[in-house]
Amino acid sequence: MHPTTLVDQFAAIVGEENCLTGEEERLCYGHDGSKLCHQPALVLLPASTEEVSKIMALAHRHTVPVVARGAGTGMTGGAVPRSGGLVLAMSRCNRILEIDTENHLAVVEPGVLTGDLKTAAQRHGLFYPPDPASSAFCTIGGNVAENAGGPSAVKYGVTRDYVRALTVVLADGRVLHTGERTAKGVVGYDLTRLFVGAEGTLGIVTRITLRLIPLPEDKATVLAVFPDVASATALVPALVNDFAPCTLEYMDRTAIGLVRRELPARVPADAGALLLIELDGRQEVVRREQKRLVDFLHTSPALAVMEANAPFEAEELWRARRALSPAAFSLRPDKLSEDVVVPRNRIPQLVAFVEELAVELALPIFTFGHAGDGNIHVNIMHNAALAPEAQAAAAAKKRLFDKALALGGTLSGEHGIGMTKAPFLALELEPTAIEVMRALKTALDSKGILNPGKIFPENPIDSSEKNSIE
Ligand SMILES: Cc1cc2nc3c(=O)[nH]c(=O)nc-3n(C[C@H](O)[C@H](O)[C@H](O)COP(=O)(O)OP(=O)(O)OC[C@H]3O[C@@H](n4cnc5c(N)ncnc54)[C@H](O)[C@@H]3O)c2cc1C
């Protein structure tokens, strides 16, 4: 039978069973971690570059919006199909194709879970450092599209620093191979970097070659408790300079209160801030450095210094850190979860500003995050159903962005722009930068079908051109 409708033609590419048309099924693919939701007209689950290429060629011909989706854990609405159209769920492209132990490379499909790649590399004595807190359930494709990072970025960098080569399907279905497997390579423009952090607006990533490094032999975990945030965060530059930690996380007083039950009982009741510090490397070096770190902390304003003596004790500390985000909702039902970055010597100024803002706007706002690289998670808790609180939260967000920029920082260190930060893009980027971005977008996606309405604030697909696939 010859396919007739557009839906039939898409279904013919991936097979009926991988073409979801039911209301409930489509709803499941309409949201992400931002809690924004728009229902797609159709969900396709392709299994290969070839299928993605055919889908894009057809979507391009009919001007159908296409949104790639990993695990939908993004925090800014990146995977939300704002203009309807197709969601390309990459969960069937989930193979680790190669681990090259001699050249320290992994080749994966985009639907591989980050944690699964880390485990697979570890089995070969290798290490894939990027460690978003969502590692257990987010995908490498989503990490590439968001340039995800995590606690280890302070020493090891972010996803971008590990991507060597990509296979990308362009908006019109053409297949592009970027980058190289070698550590060096300067042939032509760095197209690989163009697609990292592009949030699915320039192409669909279908294969990723990643750099791996040798697995550190040992790790030490130390928790230091401080009377207040100022004394804790003031130590950050010295800790980074003198100890090159692989983790330097912090929590403020409210954050400690939220997860107190998960923390070791030894954490004093008057704790105003915590620093969680990890060192890794060769065992004898780590043990020596751990002792030097603890001695250093004892000369600081720290109220208490605790060493994890076994992996399970370190895991106990990480459990508390991971419990923070969900625990926040005991404060208020809604959260604006921002991830600004400032130079690390300016964290004390940012945190003091946030504390004053919370008092002025009468909102619970707490901070925690990656102190080592100045990436502070600012959680603006509020009740969106109460207009004054919703307005105060929106005002807090704008003033936070202004302050981060005034301190020489950036609006987002991890979560990207998506929909939730799109209106603020021009706060940070000069008009020429936005013009160049638009020129690149137009060159690669002349019809604007790839993830419309993301990054650029006023970029919805032209509805007069849009072709219905329902
Ligand atoms: C509890 C929790 C903790 C988190 N912690 C961190 C953290 O520590 N660090 C951090 O950086 N982020 C963190 N995040 C955010 C999120 O996990 C990351 O942004 C992650 O990279 C998203 O991956 P995903 O597979 O869920 O992508 P999705 O949310 O599905 O998609 C994200 C974006 O990537 C695009 N995309 C997905 N796949 C492809 C592809 N194959 N080709 C092109 N574009 C694609 C989508 O269109 C979308 O724009 C956290 C989220 C949660 C819920």
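Residues numbered from 1 in each chain as written. Predicted model: local features only at pLDDT ≥ 70, side-chain atom pairs only at ≥ 80, totals over all residues.

A. Inspection of the overall build of the protein at higher detail. When helices and strands are tallied, the protein shows 16 helices and 18 strands. Computed over C-alpha atoms, the radius of gyration of the protein comes to 23 Å, within 12% of the 23 Å expected from 2.2 N^0.38 for 470 residues, which places it in the range of a compact globule. Each of the three principal axes of the protein carries a C-alpha extent, and together these read 75 × 60 × 40 Å. The buried share of the protein, taken over its 470 residues, is 47%. In the protein, 71% of the contacts between residues at least 6 apart in sequence involve partners at least 24 apart. (Helix = DSSP H or I, 4+ residues; strand = E, 2+ residues; numbered from the N terminus. Rg over C-alpha atoms; globule rule 2.2 N^0.38 Å. Buried ≥ 20, exposed ≤ 12 C-beta atoms within 10 Å, placed from the backbone. Contact = placed C-beta atoms within 7 Å.)

B. Main features of the confidence of the model for the protein. Residue-level pLDDT values for the protein average 94, and 97% of them are 70 or greater. Every residue in residues 459-468 is under pLDDT 50, and counting partners more than four places away or in other chains gives 17 contacts. (pLDDT = per-residue confidence, 0-100.)

C. Expanded view of the nonpolar core. Of all hydrophobic cores here, the largest spans 66 residues; its most connected members are Ala224, Leu274, Leu275 and Val340. Ignoring sequence-local partners within four residues, the contact set of valine 340 consists of Ile376, Val378, Leu400, Phe401, Ala404, Gly409, Thr410 and Leu411. If you look at the next biggest cluster of nonpolar residues, it comprises 56 residues, including Ile55, Val67, Val87 and Leu444. (Core = buried A, V, L, I, M, F, W, Y, C linked by C-beta atoms within 7 Å.)

D. Seen up close, the sheet that holds strand 3 (residues 66-69). Pairing is mixed in the open sheet, where 4 strands are placed in the order 1-2-4-3. Lying at the two open borders of the sheet, with one neighbouring strand each, are strand 1 (19-20) and strand 3. Where strand 2 (residues 42-44) meets strand 4 (residues 86-89), 3 bridges bridge the pair, whose relative direction is parallel. Residue pairing across strands places leucine 42 opposite leucine 86, the latter belonging to strand 4. Across the sheet, helix 1 (residues 6-14) is in contact with strand 1 and strand 2; its angle to strand 2 comes to roughly 15°. The strands touched by helix 3 (residues 49-61) are strand 2, strand 3 and strand 4; relative to strand 4, the strand with the most contacts, the crossing angle is about 170°. (Pairing = 2+ DSSP bridges. Axes fitted to C-alpha atoms, helices over the stretch in contact; angles between N-to-C directions.)

E. Local environment of the sheet that holds strand 14 (residues 273-281). In space, the 7 strands of this open sheet follow the order 15-12-14-13-17-18-16, with antiparallel pairing throughout. Every other strand in the sheet has two partners, leaving strand 15 (304-307) and strand 16 (334-341) as the edge strands with one partner each. Averaged over all pairs of adjacent strands, the angle between strand axes in this sheet comes to 15°, irrespective of strand direction. Pairing between strand 17 (residues 365-370) and strand 18 (residues 375-382): 6 bridges, direction antiparallel. Each residue of the ladder has a partner; that of isoleucine 365, found in strand 18, is isoleucine 380. Lying over the sheet, helix 12 (residues 311-327) contacts strand 12 (218-226), strand 13 (247-252), strand 14 and strand 17, oriented at roughly 60° with respect to strand 12. The strands touched by helix 13 (residues 347-361) within the sheet are strand 13, strand 17 and strand 18, with strand 17 carrying the most contacts at an inclination of about 160°.

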